[in-house]
Amino acid sequence: MAAFLSGLGRFSFRRHWLVALLWVGLLLGAGVLAARAPAAPPNDFSMPGTQTQQAYDVLAERFPDANANGAAARVVFRATGGKVTDPGVKAAIGETVRALGSDPQVARVTDPFAAKSVSADGSTAYAQVSYSVTTSQLAEGSQAALQRTVEQARSPELTVEVGGNAVGAPPGGGHSSEGLGLAVAALVLVVTFGALLAAGLPLLTALLGVAFSALTIRVLADPLGLGSTTTGLATMIGLAVGIDYALFVVSRYRDELARGRDRQEAAGHAVGTAGSAVVFAGLTVVIALAGLGVVGIPLLTQMGLAAAGTVVVAVLIAVTLIPALLGICGRRIGPARPRRRRRISRSSGDDGLRPAMGIRWAGLVVRRPVTVLLGGVALLGVLAVPAASLEMGLPGEGSKPVSSTQRRAFDLVAEGFGAGYNGPLTVVVEAAGGGSAEAAAGAVAVEVGKRADVAAVGQPRFSPSGETAVLSVVPAAAPDSVRTADLVRALRDPALAGRSGAQVMVAGTTAMNVDVSQKLSDALVPYLALVVGLAFLLLIVVFRSLLVPLKAALGFLLSVVVAVFQWGWLGSVLGVEQPGPVMSMMPIFMVGVVFGLAMDYEVFLVTRMREAHVHGQPPLGAVVSGFEHSARVVTAAAVIMIAVFASFLGSDEQLLKTIGFGLASAVLLDAFAVRMTLVPAVLALLGRRAWQPPRWLDRLVPDLDIEGARLERKDRPLTVVGEPGPVADPAG
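Quick caveat, the model's predicted, so the values are computed rather than measured.

Caption draft 1: Layout of the overall build of the protein. Assigned secondary structure in the protein consists of 25 helices and 13 strands. Expressed as a percentage of the 732 residues in the protein, the buried residues total 53%. Contacts in the protein between residues at least 24 apart in sequence constitute 79% of all its contacts with a sequence separation of at least 6. Counting every atom, the protein has about 30,600 Å² of accessible surface; 60% of that belongs to carbon and sulfur.

Below, the structure is given as structure tokens:
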């Protein structure tokens, strides 16, 4: 592996203009195709195989005119000084309802007074707008007309807000804070390299990789049904790993220049060693992301595959474009500066130089491995406490910023009618044994209306064939409450069907939450077995060891997401206006993605330790030496990744905001609490056993030479810049 990648690096360095033009051509080609491609559809929250999805499928079949998957909006009116039934206010509401119905894509608008959607105190009313098209087919003009009608309806006497999936994103929305993350990354790179040009290469290549990936996703969005969130996640992951992978290769290149290699050989050696670590680190992330497909949730599959493709692009850029750009830059990128050591008193008899911070920390860890290990495990145990109270749900309008009209409409409905009106359940009733749907629906309505956790039961609607009825059931509690979830399970209880003589199916947001939670719970073990199993096998090949891969355990990382997004810690600082249940898909997503990202640092840090051991260092010395050479770069890479992920806290998408904070917290804890502390402590305790595989494993596992030992044997003695005399080849 090292020899192949070294040859690839030398070729890219030598033919630098050819390689650079090839990447520019790929970017331009993707841009031309993306310009002709239709916009990405909205996120698809369909859940094949769940009862909720079955209910929606029945509605689509039996009520073709209802368009159960169509776009919808709820326009909420609040009288500020009187009641909505006052003549002037009522007339203004009627005029607004007529204006809403004038859009050609609107199928139906309910009159609040005819539909009895007026609050008991008369202060609030709402009109339901149903469109004849899906959200992805809704024209921008229709969205603009909805917003314009709502804006024109507002007056000193009438507050008007609108919610629903037909409401477009506000102008100027997006990820403006990404620029702050990139600025932090640029600052860290400048401090790490001490040179603007060397610092600019990782940023340039990461942005090129993200641009190419985003354009490719845009091209494939319509034929593959990729939702709008896939590009946001791919950008987040792509920026983070793209900068980090390039950082490792450029840093190793400058180290090799400092050892006295000529530029082409330094580029080849950097790609052969650091590039090998990049390839295998990228593979662990790809495995974790692509493995999300086994869960069976379309949105997770789309997000995982799109992000995995972006990681593949980042790896290819790191091993081809980076050495090409190094060749273009030539002597303008120089060798790494010698590591400075602070001068101290010579009274102790030493050379008067204090070891660098990384060496001092590694020395402390290997001298007190048991103390460090126990302290680290105790800290992680404390951080895992919030996970015991984990509650899950899908994103709703109640989690949007208070500045949004959707959130204000949500709050007005909850205040005027009750929290349950923001999440009504759709109950589909089919008569058993060819009986009457009307009788079955009546029996179900009576049974359900008796329950204390039900606020209201609507009048049934019947399919054209008369075989199926639909009831709207309003829970007494909020959509994301445990009480409402229990109501869903009660309505699905076969006992209810037996008493009413009907088949009952439940749909709606809360019903979907229940089904998604169950589906994710069922898929967690197979997913972990696949992802962790494949990553474990991959790390065995990388490290040629059983013990090193066994110590990668990351279950505590999800706890920080729970503490902020469910408990509300630091919520006002991080833009979480209303804490609530963690998104249903977050646990399995975080476990997989964080596992993959954490293996990045595992590979980068431990390969340098193994490299030192392969080249003759004793076990403890190899840990300290590997830490000395990699700790600064790994620290810089972790800070960059944290900054990029944290920048997505400014997103208007709750999904991206949650993922961004979760990944930033995970990398912070994993890179510093686990990789920089627990990993060297465990390796110090294991000693030679960490690097010596059993004989049977040594025979089975191919030696891919990740550490570049065979490359060293081919090289001449090197002169280290800043130190006198030749340095013998450590491989002998």
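Caption draft 2: Fine view of the packing of aromatic side chains. Taken as a whole, this structure holds three aromatic pairs when the rule is applied. Pairing Trp23 with Phe212 gives two aromatic rings, centres 6.3 Å apart and planes at 85°, and the pair type is edge-to-face. Pair noted here: Trp23 is in helix H2 (residues 16-36) and Phe212 is in helix H7 (residues 196-224), with a separation of 189 residues, a long-range link. Across this residue pair, the class does not change: Trp23 and Phe212 are buried. Ring plane angle 40° and centroid distance 5.4 Å describe the contact between Phe417 and Tyr421, whose orientation is recorded as tilted. Note on Phe417: relative accessible area 17%, which makes it buried. Three or more aromatic residues joined by ring pairs form one cluster here, namely Tyr126, Phe417 and Tyr421. The ring centre of Tyr126 lies 4.5 Å from the NZ or CZ of Arg74, which sits over that ring.

Caption draft 3: Structural context of the pairing of strand S10 (residues 502-507). Counting buried residues along S10, five of its six residues qualify, which places the element largely inside the surrounding structure. Bridge count for strand S6 (residues 425-431) against S10 is six bridges, and the pairing is antiparallel. From the neighbouring strand, Glu430 faces S10, where its bridge partner is Gln503.

Caption draft 4: Representation of helix H10 (residues 298-329) in the model. With 32 residues, H10 ought to run about 46 Å at 1.5 Å a step, and its terminal C-alpha atoms sit 44 Å apart, in line with that. Along H10, the largest kink reaches about 40° and is centred on Ile317. Gly330, located one to two residues past H10, shows a positive phi value of around 60°.

Caption draft 5: Structural detail: the pattern of salt bridges. Within the structure shown, the criterion is met by 13 salt bridges. When salt bridges with common partners are traced through the structure, they connect Glu151, Arg154, Glu161 and Arg408 into a single cluster.

Caption draft 6: Representation of helix H22 (residues 619-647) in the model. Compared with the 42 Å implied by 1.5 Å per residue over 29 residues, the 40 Å span of H22 between its first and last C-alpha is a close match. Maximum bend of H22: about 45°, positioned at Ser630. The element H22 is extensively covered by neighbouring structure, given that 21 of its 29 residues are classed as buried.

Caption draft 7: Representation of the nonpolar core in the model. By size, the foremost hydrophobic cluster in this structure holds 127 residues, and its most contacted members are Leu233, Ile237, Tyr245, Tyr253, Phe645 and Leu663. Looking at this core, the element that brings in the most residues is H10, giving 18 residues. Residue contacts for Ile237: discarding those within four places in its chain leaves Gly242, Ala307, Val311, Val593, Phe645 and Leu663. Membership of the second largest hydrophobic core comes to 25 residues, among which are Phe77, Val89, Val106 and Val160.

Caption draft 8: Molecular detail of the side chain of Thr149. With respect to the helices, strands and loops of the structure, Thr149 is situated in helix H5 (residues 140-153). Ignoring anything within four residues of it in the chain, the contact list for Thr149 reads Thr96, Ala99 and Leu100.

Caption draft 9: Local environment of the environment of Glu467. With respect to the helices and strands, the residue Glu467 is situated in the loop between strand S8 (461-462) and strand S9 (468-475). Sequence-wise, Glu467 and Ser436 are 31 residues apart; in three dimensions their C-alpha atoms are separated by 7.2 Å. Sequence-distant contacts of Glu467, defined by excluding residues within four places in its chain, comprise Arg62, Val429, Glu430, Ala431 and Ala437.

Caption draft 10: View of the side chain of Thr320. Mapped onto the elements of the fold, Thr320 is located in helix H10. For Thr320, a relative accessible area of 15% corresponds to the buried category. Once residues within four sequence positions are removed from consideration, Thr320 is found in contact with Leu8, Ser12, Val19 and Trp23.

Caption draft 11: Just the sheet that holds strand S3 (residues 124-134), in detail. Strands sit in the order S2-S3-S1-S4 across an open sheet of four strands; the sheet is antiparallel. Edge strands, defined here as strands with exactly one partner in the open sheet, are strand S2 (106-109) and strand S4 (158-163). Pairwise comparison of adjacent strand axes, ignoring direction, gives a mean angle of 20° for this sheet. Here strand S1 (residues 70-79) pairs with S4 via six bridges, running antiparallel. Across the sheet, Phe77 pairs through a bridge with Val160, a residue of S4. Of the strands in this sheet, S1, S2, S3 and S4 are in contact with helix H4 (residues 87-101), which crosses S2 at around 160°. Helix H13 (residues 405-416) rests against S1, S3 and S4 of the sheet, and its axis sits at about 115° to S4.

Caption draft 12: Representation of a nonpolar patch on the surface. Taken together, Val294, Leu530, Leu534 and Leu537 make up a surface patch of nonpolar side chains, about 320 Å² in accessible area. With respect to the helices, strands and loops of the structure, Leu534 is situated in helix H17 (residues 509-543).

Caption draft 13: Region of interest: the packing of H7 against H10. Contact pair H7 / H10: the axes reach a minimum separation of 9 Å and the direction vectors enclose 140°. Viewed along their axes, H7 and H10 adopt a mutual orientation that is oblique. Two packed elements cross with a definite hand, and for H7 against H10 that hand is right-handed. Along its contact with H7, which presents Leu197, Leu201, Leu204, Thr205, Leu208, Gly209, Phe212, Ser213 and Ile217, the element H10 presents Ala306, Thr310, Val313, Ile317, Leu321, Ile322, Leu325, Leu326 and Cys329. Each residue belonging to the contact of H7 with H10 can be placed in one class, and the counts come to 14 nonpolar, four polar and no charged.

Caption draft 14: Main features of unusual backbone geometry. Phi angles above zero are rare outside glycine, and Lys116 is one such case at about 60°. Among the secondary structure elements, Lys116 is positioned in the loop between S2 and S3. Lys116 sits in the exposed class, given a relative accessible area of 73%.

Caption draft 15: Just the environment of Ala267, in detail. Looking at the element boundaries, Ala267 is found in helix H9 (residues 263-290). By relative accessible area, Ala267 is classed as buried at 1%. Spatially, the C-alpha atoms of Ala267 and Arg10 are 6.2 Å apart, while their sequence positions differ by 257 residues. Not counting chain neighbours up to four residues away, the residues in contact with Ala267 comprise Phe13 and Tyr253.

Caption draft 16: Inspection of the confidence of the model for the protein at higher detail. For the protein, mean pLDDT is 78; residues scoring 70 or higher make up 79% of the total. Per-element confidence in the protein is highest for H2, whose mean pLDDT is 93, and lowest for strand S13 (residues 726-727), whose mean pLDDT is 35. Low confidence marks residues 552-559, where pLDDT is under 50. Its contacts with residues over four positions away, or in another chain, come to 23 contacts. Segment residues 716-732: pLDDT under 50, and 26 contacts once partners within four positions in sequence are set aside and those in other chains are kept.

So, how was this worked out
- Residues numbered from 1 in each chain as written.
- Predicted model: local features only at pLDDT ≥ 70, side-chain atom pairs only at ≥ 80, totals over all residues.
- Heavy atoms only, no water.
- Helix = DSSP H or I, 4+ residues; strand = E, 2+ residues; numbered from the N terminus.
- Buried < 20%, exposed > 50% of the residue type's maximum accessible area, 1.4 Å probe, protein only.
- Contact = heavy atoms within 4.5 Å.
- Areas by Shrake-Rupley, 256 points an atom, 1.4 Å probe, with all protein chains shown as cover.
- Phe/Tyr/Trp six-rings, centres within 6.5 Å; stacked < 30°, edge-to-face > 60°.
- Lys NZ or Arg CZ within 6 Å of the ring centre and 35° of its normal.
- Pairing = 2+ DSSP bridges.
- Expected span 1.5 Å × (residues − 1).
- Bend = angle between axes of the 7 residues up to and from the residue.
- Salt bridge = Lys/Arg side-chain N within 4 Å of Asp/Glu carboxyl O.
- Core = buried A, V, L, I, M, F, W, Y, C linked by side-chain atoms within 4.5 Å.
- Axes fitted to C-alpha atoms, helices over the stretch in contact; angles between N-to-C directions.
- Patch = residues over 30% accessible without salt bridge, like charges linked within 9 Å, V, L, I, M, F, W, Y side chains within 5 Å.
- Parallel < 35°, antiparallel > 145°, perpendicular 65-115°, else oblique.
- Left-handed = near helix turned anticlockwise from the far one by under 90°.
- Nonpolar A, V, L, I, M, F, W, Y, C, P; charged D, E, K, R; others polar.
- pLDDT = per-residue confidence, 0-100.

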